[in-house]
Amino acid sequence: MRLLVVCLLFGAMGVFGAPEADEIKYLPGLPKQPSFKQYSGYFHVTENEHLHYWFVESQKDPANSPVVLWLNGGPGCSSLDGLLTEHGPFLIQNDGNSLNYNPYSWNMIANMLYLESPAGVGFSYSDNKNYTTNDTEVSMNNYLALKEFFRLFPEYRTNEFYLTGESYGGIYIPTLAERVMEDSSINLQGIAVGNGMSSYELNDNSLVYFAYYHGLLGTSLWTDLQTNCCKDGKCNFYNSTDRTCSYNVGQVANIVYRSGLNMYNLYAPCPGGVSTMSEENGQLVIYDLGNNFIEHEFSVSWNQKYRILVYNGDVDMACNFLGDEWFVESLQQQVQVKRRTWLFFNGKSQQVGGFVKEFSNLAFLTVKGSGHMVPTDKPIAAYTMFSRFLTKQPY
Ligand SMILES: *[C@@H]1O[C@H](CO)[C@@H](O)[C@H](O)[C@H]1NC(C)=O
Ligand SMILES: *[C@@H]1O[C@H](CO)[C@@H](O)[C@H](O)[C@H]1NC(C)=O
Ligand SMILES: *[C@@H]1O[C@H](CO)[C@@H](O)[C@H](O)[C@H]1NC(C)=O
């Protein structure tokens, strides 16, 4: 409470520009320094916690471009992944040292704020080194970070604002949105989540179908799964108490996560090659930190007419498209545009980017042939989708 009051006082005084000390004046590794401004520094969200940010201004009229927050998931992934390997203005090259400009950068049309959250991730830290947290606390600290952003960059206070993220961002973004929606000083317009974790139950149940119909399981295991996990046409691959079913689901998990496949993109090679240790190394990376009722958070946002986009690369197995499609369908919103292909121009011709189904204020969209990190795998399609999302055009 006290911190909020302090923020407001500073806010009232604020006709300061961007924080001079945070401006990046020279970035090593680039062929030539950028023409847009960029900043890196800390948002001091509590006495103890300091969250690192990297803010890249829009390459097109920053004063009138929207501001977009990006959060990678994990929990525990750095949002610099998003900046330096997905949709930032420059991407790390294979040599690991140099950067090259990305023609499909999301900062072509938006002021992009990359936040490393929670404390303990990347350059973000806590003075008392207590890194125990939960989803509620994370969303509060992310909200306080946004308040700090608008205090330090008052020139962006009235710009349109969007919350975006990926993977465990399926938890971070709606929980943060719920706080931002209650703050009328922030001009929130919409939220987008890519390959988001929205429901563990739907994610686990859908993954088994995904794996079978992408040729990973074979008929014998599929028959066993049907026999041991399904009744009256309904299957439970999530929390069945049947021991044979649990064993079969374990076999699926071994194939998907531990056999040497790339779980983030079925059709991509395994980085570094398949190791004989892969059985021991395989680990599901998503942990349930708290109890979230993501469904509730989504319903709050569409009722207030925010634009919501749930998009999925359709060959990801960490948060597969089918689970998120079932999740969006389970919300039972009114359909506005029936499921159809969406198109993008690849430089030569119009191509199918994937499929989209639009509900009132809510769209579910797939990106054909993309894994978990959509802008990395399909940069042109991802940029087209992002641009239509921000400009409120049909996909
Ligand atoms: C660390 O922080 C968590 C959550 O804020 C708290 O519950 C816990 O008691 C703290 N642990 C220590 C050792 O202070
Ligand atoms: C989350 O952490 C906050 C702050 O430490 C604490 O007040 C709250 O009870 C925790 N919530 C849950 C669900 O553990
Ligand atoms: C399985 O999960 C469902 C949905 O969350 C829940 O209603 C049910 O009680 C769970 N069953 C068991 C045995 O844990």
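Here, every reference points to the structure presented above.
Residues numbered from 1 in each chain as written. Chains lettered and ligands numbered in written order. Predicted model: local features only at pLDDT ≥ 70, side-chain atom pairs only at ≥ 80, totals over all residues. Heavy atoms only, no water.

K.L.:
I'd like a description of the overall build of the chain, backed by residues and values.
P.N.:
Within the chain, the secondary structure is distributed over 12 helices and 15 strands. Taking as baseline every contact in the chain between residues at least 6 positions apart, the subset at least 24 positions apart corresponds to 69%. When the accessible surface of the chain is summed, it comes to about 18400 Å², and 53% of that surface belongs to carbon and sulfur atoms. (Helix = DSSP H or I, 4+ residues; strand = E, 2+ residues; numbered from the N terminus. Contact = heavy atoms within 4.5 Å. Areas by Shrake-Rupley, 256 points an atom, 1.4 Å probe, with all protein chains shown as cover.)

K.L.:
So, the side chain of Arg307: which residues are in play, and what are the values?
P.N.:
Mapped onto the fold, Arg307 is located in strand β12 (residues 307-313). Buried within the structure, Arg307 lacks any salt-bridge partner; its nearest side chain of opposite charge belongs to Glu358, at an N-O separation of 5.1 Å. Excluding its chain neighbours within four sequence positions, the residues that come into contact with Arg307 are Gln189, Gly190, Ile191, Asn361, Arg388, Phe389, Lys392, Gln393 and Tyr395. (Buried < 20%, exposed > 50% of the residue type's maximum accessible area, 1.4 Å probe, protein only. Lys, Arg positive; Asp, Glu negative; His and termini not counted. Salt bridge = Lys/Arg side-chain N within 4 Å of Asp/Glu carboxyl O.)

K.L.:
Mind laying out helix α5 (residues 200-213), listing which residues take part and the relevant values?
P.N.:
Counted at 1.5 Å a residue, the expected span for α5 with its 14 residues is 20 Å, and the 20 Å between its end C-alpha atoms agrees. Every buried residue of α5 is accounted for by Asn203, Asn205, Ser206, Leu207, Val208, Phe210, Ala211 and Tyr212. Where the residues of α5 are buried, they touch α6 (219-229), β11 (234-235), α7 (243-258) and α10 (321-330). Once α5 ends, the next one or two residues include Gly215, with phi positive near 80°. (Expected span 1.5 Å × (residues − 1).)

K.L.:
Provide a residue-level description of the side chain of Asn203, including the pertinent values.
P.N.:
In this fold, Asn203 is placed in helix α5. Those residues in contact with Asn203 that lie beyond four places of it in its chain are Met197, Ala318, Cys319 and Asn320.

K.L.:
Describe the state of the cysteines, with residues and values.
P.N.:
As enumerated under the stated definition, the model contains two disulfides in all. At a sulfur-sulfur separation of 2.1 Å, the disulfide partner of Cys230 is Cys235. The chirality of the disulfide connecting Cys230 with Cys235 is right-handed, given an S-S dihedral of about 105°. Of the two residues examined, Cys230 and Cys235, each falls in the buried class. (Disulfide = S-S within 2.5 Å.)

K.L.:
Kindly report on the site of ligand 3, identifying the contributing residues and their values.
P.N.:
Every residue lining ligand 3 is accounted for by Glu201, Tyr238, Asn239 and Thr241. One of the side-chain N or O atoms of Asn239 is found 2.4 Å from an oxygen atom in ligand 3. Expressed as a share of its isolated accessible area of 360 Å², the protein-covered part of ligand 3 is 34%. Classifying every residue of the shell around ligand 3 gives one nonpolar, two polar and one charged. (Near = heavy atom within 4 Å. Polar contact = N/O pair within 3.5 Å; in protein donor to acceptor, adjacent residues only side chain to side chain. Nonpolar A, V, L, I, M, F, W, Y, C, P; charged D, E, K, R; others polar.)

K.L.:
Which residues make up the environment of Val374, and what values do they have?
P.N.:
The topology assignment puts Val374 in helix α11 (residues 374-377). Owing to a relative accessible area of 1%, Val374 belongs among the buried residues under this scheme. Sequence separation between Val374 and Asp314 is 60 residues, and the spatial gap between their C-alpha atoms is 9.3 Å. In this view, Val374 contacts Glu86, Glu166, Asn195, Tyr311, Asn312, Gly313, Val367, Pro379 and Ala382; residues no more than four positions away in its chain are not counted.

K.L.:
With reference to specific residues and values, describe the pairing of strand β13 (residues 335-345).
P.N.:
Direction of pairing for β13 relative to strand β14 (residues 350-359): antiparallel, over a ladder of eight bridges. In the strand pairing of β14, Phe344 is matched with Gln351. Between β13 and β14, which pair antiparallel and follow one another directly, the connecting turn spans four residues, one of which, Gly347, has a positive phi of 105°. (Pairing = 2+ DSSP bridges.)

K.L.:
Any chance you could break down the environment of Lys368 for me, citing the residues and the numbers?
P.N.:
Inspection of the secondary structure puts Lys368 in the loop between β15 (362-367) and α11. Taking the C-alpha atoms as reference points, Lys368 and Val315, 53 residues apart in sequence, are found 7.7 Å from one another. With residues up to four places along the chain from it excluded, the contact list for Lys368 reads Asp314, Val352, Gly353, Gly354 and Lys378.

K.L.:
Mind laying out the environment of Asn107, listing which residues take part and the relevant values?
P.N.:
Within the secondary structure, Asn107 sits in the loop between β5 (99-101) and β6 (111-115). Separated by 45 residues in the primary sequence, Asn107 and Pro62 have C-alpha atoms spaced 9.2 Å apart. Filtering out sequence-adjacent residues up to four positions away, Asn107 remains in contact with Phe36, Val56, Glu57, Ser58, Gln59, Pro89 and Met112. Within the structure, Asn107 has its side chain in polar contact with the backbone oxygen of Glu57 (distance 2.8 Å).

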